[in-house]
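# Observations on the model geometry
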Amino acid sequence: MSPRRVLLHIGLPKTGTTYLQQVVWGNRDRLESDGVLVPGFGHREHLWAALDLQERPRLAKRHAKAPGSWDRLVAQASRQPKDVLLTHEFFCGATEEQAGRAIAAFPDSEVHVVVTARDAASVVSAGWQESVKNGGTVDLAGVLDGRSAGGPEFSMRTWDLAGVLERWTADVPSDRVHVLVMPGSGQPHDLHWRHFAEVLGVDPDAYELPTEAVNPALGIVQIELLRQVNGHLPSYSAHDRGVWIRGYLAEGLLAAQPRERGGLPAEHLARFAELDRTATDLITHRGFHVLGELSALAPGEAATAGGRAPGTVSERELVESAARLVADIVADVRASTGDVPPRFRGNP
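The shown structure was predicted, so the numbers you read here are calculated from the model rather than taken from an experiment.

Next up on the list: the environment of glutamine 76. You can see glutamine 76 is positioned in helix α4 (residues 69-78). Placed 37 residues apart in sequence, glutamine 76 and proline 39 show a C-alpha to C-alpha distance of 6.5 Å. Setting aside chain neighbours within four positions, we find glutamine 76 in contact with Leu37, Pro39 and Gly40.

Structural data, given as structure tokens:
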């Protein structure tokens, strides 16, 4: 027995993946009743599986059960005849050999590769911000010069649409490669899900969708402040980074401050326009199945127009943001501990 179809949703990061995964995990039982199995105990196991497939070192430090997670998902998927969905944006960091191994793990199934896409400038700008929200300290200039902002998942390797497609589609027929272009402003808020549902073969209207925005962006001042704060924090586990840096500092406090959208330095526009052209040419030449407007993968003026580059943030702006942050933290400490902070209790 083997699945009829295996759909590998591999990213890219910052292309609406969190939204789609919220729909998937929030409607997991409905998907299974509609013939699509999402194996594993939850989103985290798919993250582990993506890293396990890539034979990432120190995987056991994330969790004792993280090693072997790829093989566990494959085994569960292979024991039943339903379609199967595996989804995590970290999959796109795989080498061509690792991607080929993932596809070969389902020899009797029809394997499809699903790639969510966005113009390169927007992906890189948002991806760098995501690296900072996860504890990164590399500035945007360093990322653009080729430095990793926190592992392969936060680097140009995973933000280059053409490169990801080339690594993952060498052994996949063109009609089984689905490129879902992230909808732009002014388009229906659920369009991305509708395109995803079309690939899955389910009725999009039968599923409950998130009502609140997920993974909020920070303003350019706040992200630069957080990057500097990260340099003074101790080394945290992946769990603690998610709870305290991403969850508490970034999305809990800094996201609530007045925000001004960030952008990329204008001198990099030509570079990102070339990345977009290369990806569009590859998609067109190979005849991949496209959902959405391929023209949206165009030179990324949208990522720079009206958005400030990080280098323009002033010290005065950083001090103002830091003062707001400290005030909010003090209020939280007082609310959670009473009138006397723990370190002062017992002192005369």
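Moving on, we come to the domain arrangement of the protein. Along its sequence, the protein is carved into domain 1 (5-215 + 265-304) and domain 2 (220-258 + 307-337). Computed from C-alpha coordinates alone, the two centres of domain 1 and domain 2 are separated by 28 Å. For the domain 1 and domain 2 pair, buried surface summed over both sides reaches about 1,300 Å², with 61% attributable to carbon and sulfur atoms. Between domain 1 and domain 2 we count 2 salt bridges in total. With a shortest N-O distance of 3.1 Å, lysine 133 and glutamate 251 are connected by a salt bridge. The interface formed by domain 1 and domain 2 holds 7 residue pairs in polar contact (both at pLDDT 80 or more) in total. Here the residues of the side of domain 1 that touches domain 2 are counted per class, giving 5 nonpolar, 7 polar and 4 charged.

Once that is clear, we can look at the nonpolar core. As a rule of thumb, soluble globular proteins bury nonpolar side chains together. Ranked by size, the top nonpolar core spans 45 residues in total, and within it Trp70, Phe91, Leu161, Leu165 and Trp168 carry the most contacts. Considering every element that reaches this core, the biggest residue donor is helix α3 (residues 43-53), with 6 residues. When sequence neighbours within four positions are dropped, the list of residues in contact with leucine 161 reads Leu12, Val115, Ala117, Ala279, Ile283 and Leu297. Listed in part, the 30 residues of the second largest apolar core include Val124, Val138, Leu144 and Ala255.

Turning next to the sheet that holds strand β6 (residues 289-291). Sheet architecture is open: 6 strands sit in the order β2-β3-β1-β4-β5-β6, paired in parallel fashion. What marks the edges here is a single partner per strand, and that holds for β2 (36-37) and β6. Alignment of β2 against strand β3 (residues 83-87), held across 2 bridges, turns out to be parallel. Within the sheet, the bridge partner assigned to valine 36 lies in β3 and is aspartate 83. In the packing of helix α10 (residues 191-200) onto the sheet, the strands contacted are β1 (5-9), β2, β3, β4 (110-117), β5 (177-181) and β6, and the crossing angle to β5 comes to about 170 degrees.

What counts, and where the lines are drawn
Residues numbered from 1 in each chain as written. Predicted model: local features only at pLDDT ≥ 70, side-chain atom pairs only at ≥ 80, totals over all residues. Heavy atoms only, no water. Helix = DSSP H or I, 4+ residues; strand = E, 2+ residues; numbered from the N terminus. Contact = heavy atoms within 4.5 Å. Domains from an automatic or database assignment. Buried area = accessible area lost by both parts, 1.4 Å probe. Salt bridge = Lys/Arg side-chain N within 4 Å of Asp/Glu carboxyl O. Polar contact = N/O pair within 3.5 Å; in protein donor to acceptor, adjacent residues only side chain to side chain. Nonpolar A, V, L, I, M, F, W, Y, C, P; charged D, E, K, R; others polar. Core = buried A, V, L, I, M, F, W, Y, C linked by side-chain atoms within 4.5 Å. Buried < 20%, exposed > 50% of the residue type's maximum accessible area, 1.4 Å probe, protein only. Pairing = 2+ DSSP bridges. Axes fitted to C-alpha atoms, helices over the stretch in contact; angles between N-to-C directions.

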